[in-house]
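The primary structure of each chain is shown beneath.
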Amino acid sequence: MTALSPTLQQKLATPLQIGAIAVHSRVLQSPLSGVTDKVFRQLVRRYAPTSMMYTEMVHAPSICQVETLPKIMEIDPDEHPISIQLFDCRPDFLADAARKAVAEGADTIDINMGCPVNKITRKGGGSSLLKDPDMAVKITRAVVEAVDVPVSVKTRLGWDDDHINAIEFARRLEAVGIDMLTLHGRTRSQGYTGTARWEWIGRVKEALSIPVIANGDIDSVEAAVRCLEMTHADGVMCSRSTLGYPFLVGDIDYFLKTGDRLPAPTVIDRLLCAQEHLRLIAAYNGYRGICQARKHMAWYVKGFAGAAELRESLCRIESVADGEALLQGAIANLQAQGETACRWHSSWPTATEVQRHSRLPTIR
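In short, a report on the structure. (Residues numbered from 1 in each chain as written. Predicted model: local features only at pLDDT ≥ 70, side-chain atom pairs only at ≥ 80, totals over all residues. Heavy atoms only, no water.)

When helices and strands are tallied, the protein chain shows 14 helices and 11 strands. A globule of 364 residues ought to have a C-alpha radius of gyration of about 21 Å, and the protein chain, at 20 Å, matches this closely. Along the first, second and third principal axes, the C-alpha atoms of the protein chain reach 60 × 50 × 40 Å. Each of the 364 residues in the protein chain was classed as buried or not, and the buried ones make up 59%. In the protein chain, the share of contacts with a sequence separation of at least 24, taken over all contacts with a separation of at least 6, comes to 73%. Of the roughly 14,700 Å² of accessible surface on the protein chain, 50% is carried by carbon and sulfur atoms. Positive and negative side-chain charges of the protein chain, numbering 41 and 42 respectively, have mean locations separated by a distance of 2 Å. (Helix = DSSP H or I, 4+ residues; strand = E, 2+ residues; numbered from the N terminus. Rg over C-alpha atoms; globule rule 2.2 N^0.38 Å. Buried < 20%, exposed > 50% of the residue type's maximum accessible area, 1.4 Å probe, protein only. Contact = heavy atoms within 4.5 Å. Areas by Shrake-Rupley, 256 points an atom, 1.4 Å probe, with all protein chains shown as cover. Lys, Arg positive; Asp, Glu negative; His and termini not counted. Charge placed at Lys NZ, Arg CZ, Asp CG, Glu CD.)

Written out as structure tokens, the structure is:
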């Protein structure tokens, strides 16, 4: 059974302080391109009402050169705390975009210096900045000076194993005013392969005085606790493990706050969540939302007989009705086999039970 050490319990009893903002959760939902839109964030927040959420990564020039802000930056009034993540390699564009993001309602600005994808690094953004610390410093200084909200950076250990520079890189960013650093425990060359090297996160934590958030392989309560104990980080950020599983941030948050485990969602719970996700994203984005939902449905549907065939069918849906019919059929089959819903309805703790001073937002 996972247990928290007394030292970790004492640390977690206090809010995560990001500059002047106190966040009443030590578990954050990572920005994920094409995933962490308003609908997905609201589903995550149902189970983690006080966790920091992030928008999808936004290309700074795309919001500096248009009259209307892209939908990717749309923030619901109920979904605070929320950060807008920006990327580019030009300080002036990033500073202007940061000002617009704050006007849109961002509680903090996050600068992406860790994305390993070629189309981002070729433009000088994301993890390519690990090879150009001087430009990273100029960007950070420009954004810090442009806004009056906390600024954070998300980055990696280095470009490759021969160029791990996270400690020096992080120190330089702290010196120009960032309020928090999130560190993915892989190099850019690793991409998402291999194992996250949490020991390096611990070394960076020792070198800084600002909060350090551990990222990489946080896929369960047990992993989060092991990571926090090893690194002494100030919190953890969940990323790809939330795909098709918006319960994860809340699972970890609840355990860190109470020492108790929530009941694991059953297959039916996950299918019911998939069904709601489909309805919400279609209502939000129309037919484009149905196309977007196909990948989400594939992530939700696994771990039971017939899942592969159901995934294949869901990846071809043309309407909400198509998807609901397929999901309801699967649920009926599971119920006939004795499967039940575990926590999707009344068994899940209310927002008040999870965090007394928080209000659970309405899912629209």
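Following the structure, the description resumes.
We now examine the packing of aromatic side chains. For the structure shown, the criterion picks out 2 aromatic pairs. Measuring from centroid to centroid gives 5.1 Å for Tyr47 and Phe247, while their planes differ by 40 degrees, and the two rings are tilted. Remark: Phe247 occurs in the loop between β11 (235–238) and α10 (248–258) and Tyr47 occurs in helix α2 (residues 38–47); sequence separation between them is 200 residues. By relative accessible area, which is 3% here, Tyr47 ends up buried. Arranged with centres 5.1 Å apart and planes meeting at 65 degrees, the rings of Tyr245 and Phe247 form a pair that is edge-to-face. (Phe/Tyr/Trp six-rings, centres within 6.5 Å; stacked < 30°, edge-to-face > 60°.)

This paragraph deals with the pattern of salt bridges. A side chain of one charge can pair with a side chain of the opposite charge when the charged atoms of the two come close. The tally for this structure, following the rule as stated, stands at 15 salt bridges. Between Asp134 and Arg172 there is a salt bridge, and its shortest N-O distance comes to 2.9 Å. Note that Asp134 is positioned in helix α6 (residues 133–146) and Arg172 in helix α7 (residues 166–175), a separation of 38 residues in sequence. With a relative accessible area of 46%, Asp134 lands in the partly exposed category. When the shortest N-O distance is used, the salt bridge between Glu312 and Arg316 registers 3.5 Å. The class for Arg316 is exposed, based on a relative accessible area of 52%. Within this structure, Lys11, Lys205 and Asp234 form a network of salt bridges that share partners. (Salt bridge = Lys/Arg side-chain N within 4 Å of Asp/Glu carboxyl O.)

Turning our attention to unusual backbone geometry. In the segment running from His80 into Pro81, the intervening peptide bond is cis, with an omega of 5 degrees. With a phi angle near 65 degrees, Asp217 is a residue other than glycine that sits in the positive phi range. Topologically, Asp217 is positioned in the loop between β10 (212–215) and α9 (221–231). The backbone of His232 shows a phi angle near 60 degrees, a positive value even though the residue is not glycine. Looking at where His232 falls in the secondary structure, it is placed in the loop between α9 and β11.

This part is about helix α13 (residues 320–336). Structurally, the α-helix is built with 3.6 residues per turn, so residues lying three or four positions apart point the same way. Counted at 1.5 Å a residue, the expected span for α13 with its 17 residues is 24 Å, and the 24 Å between its end C-alpha atoms agrees. Here α13 has its buried residues at Gly323, Leu327, Ala330, Ile331 and Leu334. For α13, the arc enclosing every buried residue in end-on projection is 100 degrees, short of the 170-degree limit, so these residues lie on one face. Within α13, the exposed residues directed more than 90 degrees away from the buried face are Ala321, Ala325 and Ala336. For α13, the secondary structure elements touched by its buried residues are α11 (267–300) and α12 (307–314). Following α13 by one or two positions, Gly338 adopts a phi angle in the positive range, close to 100 degrees. (Expected span 1.5 Å × (residues − 1). Arc of directions from axis to C-beta.)

Mapped onto the secondary structure, Arg26 falls in the loop between β2 (21–23) and β3 (27–29). At 3.1 Å, the side chain of Arg26 forms a polar contact with the backbone oxygen of Lys11. (Polar contact = N/O pair within 3.5 Å; in protein donor to acceptor, adjacent residues only side chain to side chain.)

Topologically, Lys257 is positioned in helix α10. Taking the C-alpha atoms as reference points, Lys257 and Ala13, 244 residues apart in sequence, are found 7.2 Å from one another. Here His24 takes part through its backbone oxygen, which lies 2.9 Å from a polar atom of the side chain of Lys257.

Among the nonpolar cores identified, the biggest contains 105 residues, and Ile109 and Ile252 are the most heavily contacted of them. With 15 residues, the top contributor of residues to this core is α11. With residues up to four places along the chain from it excluded, the contact list for Ile252 reads Val27, Ile218, Ser220, Val221, Ala224, Val236 and Cys238. If you look at the next biggest cluster of nonpolar residues, it comprises 9 residues, including Ile18, Val23, Leu28 and Ile213. (Core = buried A, V, L, I, M, F, W, Y, C linked by side-chain atoms within 4.5 Å.)

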